[in-house]
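Here's the letter readout for the chains.
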Amino acid sequence: MREMQLHALLSLVEEHLCGKDSPGRSVGKMTFYDGIYPFYPLQRTSFIFSTHLLTIILVFLVLTVSFLLILPGIRGKSRLFWMFRIIISLFIGTVIVALNFTSDWAEARTTTNTTYKSFSSEEVNAEVGLHIGLYGINITLKGNPVNQLNETINYNEMFEWKDTIDEEYGDALERGLPNPILYIAEKFTLSNPCHLIYQYRYSGRYASATLWTAFCCWLVANVLFSMPVILYAGYMMVATAAFIFFSMASFSTIMNLPTCLFTIGTSGAFQTEYSSSFWLALATGVLCLIIGVLVVLLDCLIPGKIREAFSVGVDNDEDEDVYFGEGYLNSNFLAGVTTTHLTTLVLPTDEIRNVSRQPSLQELSVRL
(Lines give C-alpha, C1' and ligand atoms only; values in the text may rest on other atoms or scores of the structure.)
Protein backbone atom coordinates (compact mmCIF):
# COMPACT_ATOMS: atom_id res chain seq x y z
CA MET A 1 0.00 0.00 0.00
CA ARG A 2 2.74 2.40 0.95
CA GLU A 3 4.58 1.55 -2.28
CA MET A 4 1.52 2.45 -4.33
CA GLN A 5 1.13 5.81 -2.52
CA LEU A 6 4.79 6.63 -3.04
CA HIS A 7 4.51 5.72 -6.72
CA ALA A 8 1.46 7.94 -7.14
CA LEU A 9 3.22 10.85 -5.43
CA LEU A 10 6.23 10.54 -7.70
CA SER A 11 3.94 10.47 -10.72
CA LEU A 12 2.28 13.69 -9.65
CA VAL A 13 5.62 15.40 -9.17
CA GLU A 14 6.81 14.24 -12.58
CA GLU A 15 3.64 15.44 -14.29
CA HIS A 16 3.93 18.83 -12.59
CA LEU A 17 7.59 19.35 -13.55
CA CYS A 18 7.09 18.19 -17.12
CA GLY A 19 3.98 20.33 -17.59
CA LYS A 20 1.71 17.42 -18.49
CA ASP A 21 -2.01 17.64 -18.11
CA SER A 22 -3.57 15.75 -15.26
CA PRO A 23 -7.22 15.36 -14.33
CA GLY A 24 -8.54 18.45 -12.61
CA ARG A 25 -5.28 20.38 -12.95
CA SER A 26 -4.22 23.15 -15.26
CA VAL A 27 -0.86 23.21 -16.94
CA GLY A 28 1.52 25.46 -14.95
CA LYS A 29 4.69 27.18 -16.05
CA MET A 30 7.96 26.41 -14.38
CA THR A 31 8.41 29.93 -12.98
CA PHE A 32 8.90 31.52 -9.60
CA TYR A 33 8.66 35.01 -8.14
CA ASP A 34 5.95 36.29 -10.49
CA GLY A 35 7.28 35.03 -13.77
CA ILE A 36 11.05 35.09 -13.13
CA TYR A 37 12.66 32.02 -14.61
CA PRO A 38 14.34 29.58 -12.22
CA PHE A 39 17.75 30.61 -13.61
CA TYR A 40 17.28 33.92 -11.76
CA PRO A 41 15.76 33.06 -8.38
CA LEU A 42 17.10 36.21 -6.72
CA GLN A 43 17.34 39.85 -7.71
CA ARG A 44 20.89 40.71 -8.79
CA THR A 45 22.97 43.55 -7.43
CA SER A 46 24.90 45.77 -9.82
CA PHE A 47 28.67 46.08 -9.90
CA ILE A 48 29.95 48.84 -7.61
CA PHE A 49 33.77 49.00 -7.52
CA SER A 50 36.72 46.68 -8.00
CA THR A 51 38.12 45.51 -4.66
CA HIS A 52 41.64 45.32 -6.13
CA LEU A 53 41.57 48.95 -7.19
CA LEU A 54 40.03 50.00 -3.89
CA THR A 55 42.85 48.27 -1.96
CA ILE A 56 45.55 49.89 -4.12
CA ILE A 57 44.05 53.36 -3.76
CA LEU A 58 43.69 53.02 0.02
CA VAL A 59 47.32 51.85 0.42
CA PHE A 60 48.74 54.74 -1.57
CA LEU A 61 46.42 57.23 0.16
CA VAL A 62 47.80 56.10 3.52
CA LEU A 63 51.35 56.54 2.22
CA THR A 64 50.50 59.99 0.88
CA VAL A 65 49.00 61.15 4.18
CA SER A 66 51.99 59.73 6.09
CA PHE A 67 54.48 61.66 3.97
CA LEU A 68 52.42 64.84 4.08
CA LEU A 69 52.49 64.74 7.87
CA ILE A 70 56.27 65.14 7.65
CA LEU A 71 56.05 68.38 5.67
CA PRO A 72 55.61 70.72 8.69
CA GLY A 73 59.08 69.64 9.84
CA ILE A 74 60.67 70.85 6.58
CA ARG A 75 61.66 74.54 6.63
CA GLY A 76 61.92 77.08 3.88
CA LYS A 77 61.01 76.90 0.24
CA SER A 78 61.96 73.23 0.03
CA ARG A 79 58.65 72.32 1.71
CA LEU A 80 56.67 73.09 -1.44
CA PHE A 81 59.14 71.15 -3.59
CA TRP A 82 58.94 68.11 -1.31
CA MET A 83 55.12 68.16 -1.36
CA PHE A 84 55.12 68.35 -5.16
CA ARG A 85 57.70 65.56 -5.36
CA ILE A 86 55.76 63.24 -3.01
CA ILE A 87 52.44 63.71 -4.80
CA ILE A 88 53.88 63.19 -8.29
CA SER A 89 55.91 60.15 -7.27
CA LEU A 90 53.03 58.41 -5.48
CA PHE A 91 50.69 59.22 -8.36
CA ILE A 92 53.04 57.46 -10.80
CA GLY A 93 53.35 54.42 -8.52
CA THR A 94 49.60 54.21 -8.00
CA VAL A 95 48.86 54.35 -11.71
CA ILE A 96 51.45 51.70 -12.60
CA VAL A 97 50.06 49.23 -10.07
CA ALA A 98 46.40 50.01 -10.76
CA LEU A 99 46.77 49.56 -14.51
CA ASN A 100 47.43 45.85 -13.92
CA PHE A 101 43.94 45.39 -12.47
CA THR A 102 41.77 47.73 -14.54
CA SER A 103 39.41 46.29 -17.12
CA ASP A 104 39.12 49.19 -19.54
CA TRP A 105 42.23 49.09 -21.71
CA ALA A 106 39.86 48.65 -24.64
CA GLU A 107 36.08 48.97 -24.80
CA ALA A 108 33.12 48.48 -27.09
CA ARG A 109 29.54 49.59 -26.44
CA THR A 110 26.25 49.45 -28.26
CA THR A 111 22.58 50.01 -27.47
CA THR A 112 20.24 47.56 -29.14
CA ASN A 113 17.06 45.51 -28.97
CA THR A 114 18.05 41.92 -28.33
CA THR A 115 16.66 38.67 -27.04
CA TYR A 116 17.15 38.33 -23.32
CA LYS A 117 16.80 34.64 -22.47
CA SER A 118 17.38 31.36 -24.20
CA PHE A 119 14.38 29.61 -25.75
CA SER A 120 12.40 32.85 -25.57
CA SER A 121 11.52 35.43 -28.22
CA GLU A 122 11.05 38.28 -25.74
CA GLU A 123 13.36 41.23 -26.42
CA VAL A 124 14.71 43.99 -24.24
CA ASN A 125 16.31 47.33 -24.99
CA ALA A 126 19.70 47.38 -23.31
CA GLU A 127 23.22 48.73 -23.49
CA VAL A 128 25.81 45.99 -24.04
CA GLY A 129 29.44 46.68 -23.16
CA LEU A 130 32.71 44.80 -23.57
CA HIS A 131 35.61 45.92 -21.35
CA ILE A 132 39.04 44.34 -21.92
CA GLY A 133 41.79 44.27 -19.31
CA LEU A 134 45.15 42.55 -18.95
CA TYR A 135 43.76 39.57 -17.00
CA GLY A 136 40.33 39.13 -18.53
CA ILE A 137 37.19 40.77 -19.86
CA ASN A 138 34.13 42.36 -18.30
CA ILE A 139 30.80 42.09 -20.09
CA THR A 140 28.07 44.48 -19.00
CA LEU A 141 24.37 44.46 -19.76
CA LYS A 142 22.18 47.31 -18.53
CA GLY A 143 18.54 47.65 -19.44
CA ASN A 144 17.04 50.88 -20.75
CA PRO A 145 15.11 51.23 -18.47
CA VAL A 146 16.70 48.93 -15.90
CA ASN A 147 13.43 47.21 -14.94
CA GLN A 148 12.07 45.20 -17.84
CA LEU A 149 10.20 41.91 -18.07
CA ASN A 150 9.65 42.08 -14.31
CA GLU A 151 13.41 41.89 -13.73
CA THR A 152 16.31 44.19 -12.91
CA ILE A 153 18.63 44.02 -15.90
CA ASN A 154 22.01 45.21 -14.66
CA TYR A 155 24.85 42.71 -15.13
CA ASN A 156 28.62 42.95 -14.90
CA GLU A 157 30.27 39.57 -15.46
CA MET A 158 34.03 38.97 -15.24
CA PHE A 159 35.76 36.28 -17.30
CA GLU A 160 39.44 35.77 -16.47
CA TRP A 161 41.85 33.92 -18.74
CA LYS A 162 44.15 32.23 -16.26
CA ASP A 163 44.46 29.47 -18.82
CA THR A 164 41.23 29.64 -20.80
CA ILE A 165 37.76 30.96 -20.09
CA ASP A 166 36.02 27.79 -21.24
CA GLU A 167 35.31 26.71 -17.66
CA GLU A 168 33.90 30.10 -16.72
CA TYR A 169 31.87 30.09 -19.91
CA GLY A 170 30.44 26.69 -18.91
CA ASP A 171 29.54 28.09 -15.48
CA ALA A 172 27.81 31.01 -17.18
CA LEU A 173 25.75 28.57 -19.24
CA GLU A 174 24.73 26.68 -16.11
CA ARG A 175 23.77 29.92 -14.36
CA GLY A 176 21.62 30.90 -17.31
CA LEU A 177 23.13 34.31 -18.00
CA PRO A 178 21.43 36.48 -20.65
CA ASN A 179 22.08 35.81 -24.32
CA PRO A 180 24.21 38.92 -25.08
CA ILE A 181 26.69 38.03 -22.33
CA LEU A 182 26.95 34.43 -23.46
CA TYR A 183 27.38 35.50 -27.10
CA ILE A 184 30.36 37.77 -26.35
CA ALA A 185 31.96 35.32 -23.91
CA GLU A 186 31.71 32.54 -26.49
CA LYS A 187 33.89 34.62 -28.86
CA PHE A 188 36.83 34.17 -26.45
CA THR A 189 36.61 30.41 -26.07
CA LEU A 190 39.11 28.01 -27.63
CA SER A 191 36.55 26.48 -29.95
CA ASN A 192 35.53 29.79 -31.52
CA PRO A 193 36.91 30.36 -35.04
CA CYS A 194 37.90 33.94 -34.19
CA HIS A 195 40.66 32.68 -31.82
CA LEU A 196 40.62 35.92 -29.84
CA ILE A 197 41.73 34.22 -26.63
CA TYR A 198 45.26 33.52 -27.83
CA GLN A 199 46.29 37.02 -28.76
CA TYR A 200 44.40 38.75 -25.94
CA ARG A 201 45.80 36.44 -23.28
CA TYR A 202 49.46 36.67 -24.35
CA SER A 203 49.27 40.40 -25.02
CA GLY A 204 47.83 40.95 -21.55
CA ARG A 205 50.48 38.81 -19.88
CA TYR A 206 53.40 40.58 -21.55
CA ALA A 207 51.86 43.99 -20.89
CA SER A 208 51.41 43.13 -17.21
CA ALA A 209 55.00 41.85 -16.93
CA THR A 210 56.44 45.05 -18.39
CA LEU A 211 54.26 47.15 -16.10
CA TRP A 212 55.61 45.35 -13.03
CA THR A 213 59.13 45.95 -14.36
CA ALA A 214 58.27 49.64 -14.68
CA PHE A 215 57.11 49.60 -11.06
CA CYS A 216 60.48 48.15 -9.97
CA CYS A 217 62.29 50.89 -11.92
CA TRP A 218 60.10 53.47 -10.18
CA LEU A 219 61.09 52.08 -6.76
CA VAL A 220 64.80 52.18 -7.64
CA ALA A 221 64.45 55.74 -8.95
CA ASN A 222 62.92 56.88 -5.65
CA VAL A 223 65.80 55.32 -3.72
CA LEU A 224 68.39 56.98 -5.98
CA PHE A 225 66.70 60.37 -5.58
CA SER A 226 67.60 60.17 -1.89
CA MET A 227 71.29 59.56 -2.66
CA PRO A 228 73.97 61.77 -4.28
CA VAL A 229 73.50 59.98 -7.62
CA ILE A 230 70.72 62.11 -9.12
CA LEU A 231 71.91 61.36 -12.66
CA TYR A 232 71.17 57.64 -12.29
CA ALA A 233 67.79 58.45 -10.76
CA GLY A 234 66.97 60.31 -13.96
CA TYR A 235 68.07 57.31 -15.99
CA MET A 236 65.74 55.06 -13.98
CA MET A 237 62.80 57.40 -14.59
CA VAL A 238 63.51 57.17 -18.32
CA ALA A 239 63.60 53.36 -17.95
CA THR A 240 60.24 53.50 -16.15
CA ALA A 241 58.74 55.40 -19.06
CA ALA A 242 60.28 52.96 -21.54
CA PHE A 243 58.71 49.91 -19.88
CA ILE A 244 55.32 51.63 -19.73
CA PHE A 245 55.58 52.24 -23.47
CA PHE A 246 56.57 48.59 -23.96
CA SER A 247 53.40 47.48 -22.14
CA MET A 248 51.30 49.70 -24.40
CA ALA A 249 53.00 48.28 -27.48
CA SER A 250 52.35 44.73 -26.25
CA PHE A 251 48.66 45.42 -25.70
CA SER A 252 48.36 47.20 -29.05
CA THR A 253 49.08 43.94 -30.88
CA ILE A 254 45.42 42.95 -30.37
CA MET A 255 44.50 45.52 -33.00
CA ASN A 256 46.47 43.53 -35.60
CA LEU A 257 44.10 40.57 -35.33
CA PRO A 258 41.78 39.67 -38.19
CA THR A 259 38.52 41.55 -37.89
CA CYS A 260 36.05 39.67 -35.68
CA LEU A 261 32.82 41.60 -35.47
CA PHE A 262 30.38 41.43 -32.56
CA THR A 263 26.80 41.48 -33.81
CA ILE A 264 24.04 41.72 -31.23
CA GLY A 265 20.40 42.43 -31.94
CA THR A 266 19.42 45.15 -34.40
CA SER A 267 22.31 47.57 -33.81
CA GLY A 268 24.73 45.96 -36.21
CA ALA A 269 28.38 45.13 -35.59
CA PHE A 270 30.69 46.92 -33.16
CA GLN A 271 34.44 46.76 -32.50
CA THR A 272 36.75 47.50 -29.58
CA GLU A 273 38.73 50.73 -29.28
CA TYR A 274 41.38 52.00 -26.86
CA SER A 275 39.91 53.20 -23.59
CA SER A 276 40.83 55.21 -20.49
CA SER A 277 43.48 52.87 -19.04
CA PHE A 278 45.45 52.87 -22.28
CA TRP A 279 45.49 56.66 -22.46
CA LEU A 280 46.29 56.94 -18.76
CA ALA A 281 49.30 54.67 -19.31
CA LEU A 282 50.41 56.90 -22.18
CA ALA A 283 50.10 60.06 -20.04
CA THR A 284 52.02 58.46 -17.16
CA GLY A 285 54.79 57.28 -19.49
CA VAL A 286 55.16 60.76 -20.97
CA LEU A 287 55.29 62.25 -17.46
CA CYS A 288 58.04 59.83 -16.41
CA LEU A 289 59.97 60.58 -19.59
CA ILE A 290 59.77 64.35 -19.03
CA ILE A 291 60.91 64.02 -15.40
CA GLY A 292 63.80 61.73 -16.34
CA VAL A 293 65.05 63.93 -19.19
CA LEU A 294 64.83 67.10 -17.07
CA VAL A 295 66.75 65.51 -14.21
CA VAL A 296 69.50 64.29 -16.55
CA LEU A 297 69.85 67.67 -18.26
CA LEU A 298 69.86 69.66 -15.00
CA ASP A 299 72.40 67.30 -13.47
CA CYS A 300 74.72 67.91 -16.44
CA LEU A 301 74.19 71.68 -16.52
CA ILE A 302 73.85 72.68 -12.87
CA PRO A 303 74.77 69.64 -10.74
CA GLY A 304 75.20 71.67 -7.56
CA LYS A 305 71.76 73.24 -7.74
CA ILE A 306 69.99 69.97 -8.50
CA ARG A 307 71.70 68.23 -5.56
CA GLU A 308 70.77 71.10 -3.31
CA ALA A 309 67.15 70.88 -4.48
CA PHE A 310 67.04 67.19 -3.57
CA SER A 311 68.96 67.82 -0.30
CA VAL A 312 71.76 65.41 -1.17
CA GLY A 313 75.52 65.90 -1.45
CA VAL A 314 75.60 69.16 0.53
CA ASP A 315 76.69 67.93 3.96
CA ASN A 316 80.42 68.53 3.41
CA ASP A 317 79.94 72.12 2.30
CA GLU A 318 77.76 72.84 5.27
CA ASP A 319 80.41 71.45 7.65
CA GLU A 320 83.09 73.68 6.14
CA ASP A 321 80.98 76.81 6.50
CA VAL A 322 80.13 76.25 10.17
CA TYR A 323 80.99 79.31 12.34
CA PHE A 324 81.79 78.56 15.94
CA GLY A 325 81.96 82.18 17.16
CA GLU A 326 84.81 83.91 19.01
CA GLY A 327 87.19 81.87 21.16
CA TYR A 328 89.65 82.82 23.94
CA LEU A 329 92.93 81.08 24.68
CA ASN A 330 95.04 81.24 27.86
CA SER A 331 98.31 82.72 26.66
CA ASN A 332 100.14 81.89 29.90
CA PHE A 333 99.26 78.23 29.58
CA LEU A 334 100.41 78.13 25.98
CA ALA A 335 103.65 79.99 26.91
CA GLY A 336 104.39 77.51 29.67
CA VAL A 337 103.86 74.53 27.40
CA THR A 338 106.05 76.07 24.70
CA THR A 339 108.84 76.98 27.13
CA THR A 340 108.85 73.52 28.63
CA HIS A 341 109.08 71.96 25.18
CA LEU A 342 111.95 74.19 24.10
CA THR A 343 113.79 73.71 27.39
CA THR A 344 113.88 69.96 26.98
CA LEU A 345 115.87 70.43 23.83
CA VAL A 346 118.81 72.21 25.57
CA LEU A 347 118.91 70.66 29.01
CA PRO A 348 121.41 67.98 29.86
CA THR A 349 120.37 64.41 29.50
CA ASP A 350 120.25 63.69 33.20
CA GLU A 351 117.69 66.47 33.84
CA ILE A 352 115.30 65.58 31.01
CA ARG A 353 113.38 63.18 33.20
CA ASN A 354 112.60 65.95 35.77
CA VAL A 355 111.65 68.63 33.24
CA SER A 356 109.52 66.44 30.98
CA ARG A 357 107.41 65.37 33.89
CA GLN A 358 103.70 65.81 33.23
CA PRO A 359 102.21 68.69 35.23
CA SER A 360 99.79 67.74 37.94
CA LEU A 361 96.18 68.85 38.09
CA GLN A 362 97.03 71.47 40.77
CA GLU A 363 99.74 73.01 38.58
CA LEU A 364 97.37 73.13 35.63
CA SER A 365 94.69 74.83 37.72
CA VAL A 366 97.23 77.44 38.91
CA ARG A 367 98.35 78.16 35.37
CA LEU A 368 94.77 78.54 34.17
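Keep in mind the model is a prediction, meaning the values are calculated, not measured.

*Asks:* I'm lost on the overall build of the chain in this one. Help?
*Replies:* Across its full length, the chain carries 13 helices and seven strands. Evaluated residue by residue, the chain yields a buried proportion of 34% over its 368 residues. Accessible surface, the chain as shown: approximately 23200 Å² in total, 62% of it carbon and sulfur.

*Asks:* Whenever I open this one, the pairing of strand β4 (residues 151-160) confuses me. Can you help?
*Replies:* Regular strands have side chains that alternate between both faces of the sheet. The pairing of strand β3 (residues 136-148) with β4 spans nine bridges and is antiparallel. Bridging across to β4, G136 finds its partner in E160. From the end of β3 to the start of β4, which pair antiparallel, there are two residues, and L149 there has a positive phi angle of about 55 degrees.

*Asks:* How should the packing of aromatic side chains be read in this particular structure?
*Replies:* Counted by the stated rule, this structure contains 15 aromatic pairs. An angle of 20 degrees between the planes, with centres 6.3 Å apart, marks the rings of F101 and Y135 as stacked. Remark: Y135 occurs in the loop between β2 (123-132) and β3 and F101 occurs in the loop between α3 (78-98) and β1 (106-115); sequence separation between them is 34 residues. Using a relative accessible area of 38% as the deciding quantity, one classes Y135 as partly exposed. Here the aromatic cluster, defined as three or more aromatic residues joined through ring pairs, consists of F101, Y135, W212, F215 and W218. Its guanidinium or amino end placed over the ring of W82, R85 lies 4.7 Å from that ring's centre, counting from NZ or CZ.

*Asks:* What is the right way to look at the sheet that holds β2 in this model?
*Replies:* Consider a sheet: its strands pair through backbone hydrogen bonds, and that pairing is either parallel or antiparallel. Spatial strand order, β4-β3-β2-β1-β7: five strands in an open sheet with antiparallel pairing. Whereas interior strands pair on both sides, the edge strands pair on one side only; in this sheet they are β4 and β7 (273-274). Relative to β3, helix α5 (residues 179-186) is tilted by about 165 degrees, and along the sheet it contacts β1, β2, β3 and β4.

*Asks:* Sorry, what's going on with the pairing of β3 here?
*Replies:* Two elements, β2 and β3, share seven bridges in a ladder whose sense is antiparallel. Each residue of the ladder has a partner; that of A126, found in β3, is G143. Hairpin remark: β2 followed by β3, antiparallel, with three residues in the connecting loop.

*Asks:* Which parts of the structure should I look at to understand helix α8 (residues 276-301)?
*Replies:* With 26 residues, α8 should cover 38 Å at 1.5 Å per step; its first-to-last C-alpha distance of 37 Å lies within 8% of that length. All of the buried residues in α8 are S277, F278, A281, T284, G285, C288, G292, V295, V296 and D299. In this structure, the buried side of α8 is in contact with α3, α6 (196-225), α7 (230-252), β7 and α9 (303-309).

*Asks:* Would you mind going over the pattern of salt bridges with me for this structure?
*Replies:* Charged atoms that come close allow side chains of opposite charge to pair. All chains considered together, the criterion is met by five salt bridges. Two residues, E151 and K117, come together in a salt bridge whose shortest N-O distance is 2.5 Å. Of this pair, E151 sits in strand β4 while K117 sits in the loop between β1 and β2, and the two are 34 residues apart along the sequence. A residue is classified by how much of its surface remains accessible, and K117, at 7% relative accessible area, is buried. Measuring nitrogen to oxygen at the nearest pair gives 3.0 Å for the salt bridge that ties R307 to D299. Overlapping salt bridges, with partners in common, bring together E107, R109 and E127 in one network.

*Asks:* Help me understand the environment of P180 in this model?
*Replies:* Note on placement: P180 falls in helix α5. Here the alpha-carbon distance between P180 and V128, two residues 52 residues apart in the chain, equals 7.3 Å. Discounting residues that sit within four places of it in the chain, P180 has contacts with T114, T115, Y116, V128, L141 and I264.

*Asks:* How should the UniProt feature "transmembrane region" (unreviewed entry) in the chain be read in this particular structure?
*Replies:* Under the local residue numbering, the UniProt record ascribes the feature "transmembrane region" (unreviewed entry) to residues 47-70, 82-101, 206-225, 232-257 and 277-298. In this annotation, residues 82-101 is assigned 85% helix and 0% strand; the end-to-end C-alpha distance for the span is 29 Å. Strand forms 0% of residues 277-298 and helix 100%; the C-alpha atoms that close the span are 32 Å apart.

*Asks:* How should I be thinking about the packing of α6 against α7 in this particular structure?
*Replies:* For any two helices packed against each other, one specifies the inter-axial angle together with the distance between the axes. At a closest axis distance of 8 Å, the pairing of α6 and α7 adopts a crossing angle of 170 degrees. Overall, the two elements α6 and α7 adopt an arrangement that is roughly antiparallel. Residues belonging to the contact of α6 with α7 are distributed by class as follows: 20 nonpolar, six polar and no charged.

*Asks:* What am I meant to see in unusual backbone geometry here?
*Replies:* Phi is mostly negative for residues that are not glycine, and the peptide bonds are mostly trans. Each neighbour pair has its own omega, and for N144 with P145 the value is 5 degrees, a cis peptide bond. Along the polypeptide, P145 turns up in strand β3. At L149, a position not held by glycine, the phi torsion is positive, near 55 degrees. Along the chain, the position of L149 falls in the loop between β3 and β4. Even without being a glycine, N150 presents a positive backbone phi close to 60 degrees. Among the secondary structure elements, N150 is positioned in the loop between β3 and β4.

*Asks:* Honestly, the nonpolar core in this entry has me stumped. Any pointers?
*Replies:* Among soluble globular proteins, nonpolar side chains are generally buried collectively. Among the nonpolar cores identified, the biggest contains 68 residues, and L130, I184, F188 and F251 are the most heavily contacted of them. Counting only domains with at least three residues in this core, you end up with domain 1 (51-101) and domain 2 (106-310). Non-local contacts of I184, meaning those with residues more than four positions away in its chain, are made with V128, L130, I139, F262, I264 and F270.

*Asks:* What is the right way to look at α7 in this model?
*Replies:* Since there are 3.6 residues in each turn of an α-helix, residues three or four apart along the chain are aligned in direction. Here α7 spans 33 Å end to end across 23 residues, near enough to the 33 Å set by a 1.5 Å rise per residue. Taken together, the buried positions of α7 are I230, A233, G234, M237, T240, A241, I244, S247, M248, S250, F251 and S252.

Procedures and definitions
- Residues numbered from 1 in each chain as written.
- Predicted model: local features only at pLDDT ≥ 70, side-chain atom pairs only at ≥ 80, totals over all residues.
- Heavy atoms only, no water.
- Helix = DSSP H or I, 4+ residues; strand = E, 2+ residues; numbered from the N terminus.
- Buried < 20%, exposed > 50% of the residue type's maximum accessible area, 1.4 Å probe, protein only.
- Areas by Shrake-Rupley, 256 points an atom, 1.4 Å probe, with all protein chains shown as cover.
- Pairing = 2+ DSSP bridges.
- Phe/Tyr/Trp six-rings, centres within 6.5 Å; stacked < 30°, edge-to-face > 60°.
- Lys NZ or Arg CZ within 6 Å of the ring centre and 35° of its normal.
- Contact = heavy atoms within 4.5 Å.
- Axes fitted to C-alpha atoms, helices over the stretch in contact; angles between N-to-C directions.
- Expected span 1.5 Å × (residues − 1).
- Salt bridge = Lys/Arg side-chain N within 4 Å of Asp/Glu carboxyl O.
- UniProt positions renumbered as here; feature names shortened; annotations may be inferred.
- Parallel < 35°, antiparallel > 145°, perpendicular 65-115°, else oblique.
- Nonpolar A, V, L, I, M, F, W, Y, C, P; charged D, E, K, R; others polar.
- Core = buried A, V, L, I, M, F, W, Y, C linked by side-chain atoms within 4.5 Å.
- Domains from an automatic or database assignment.

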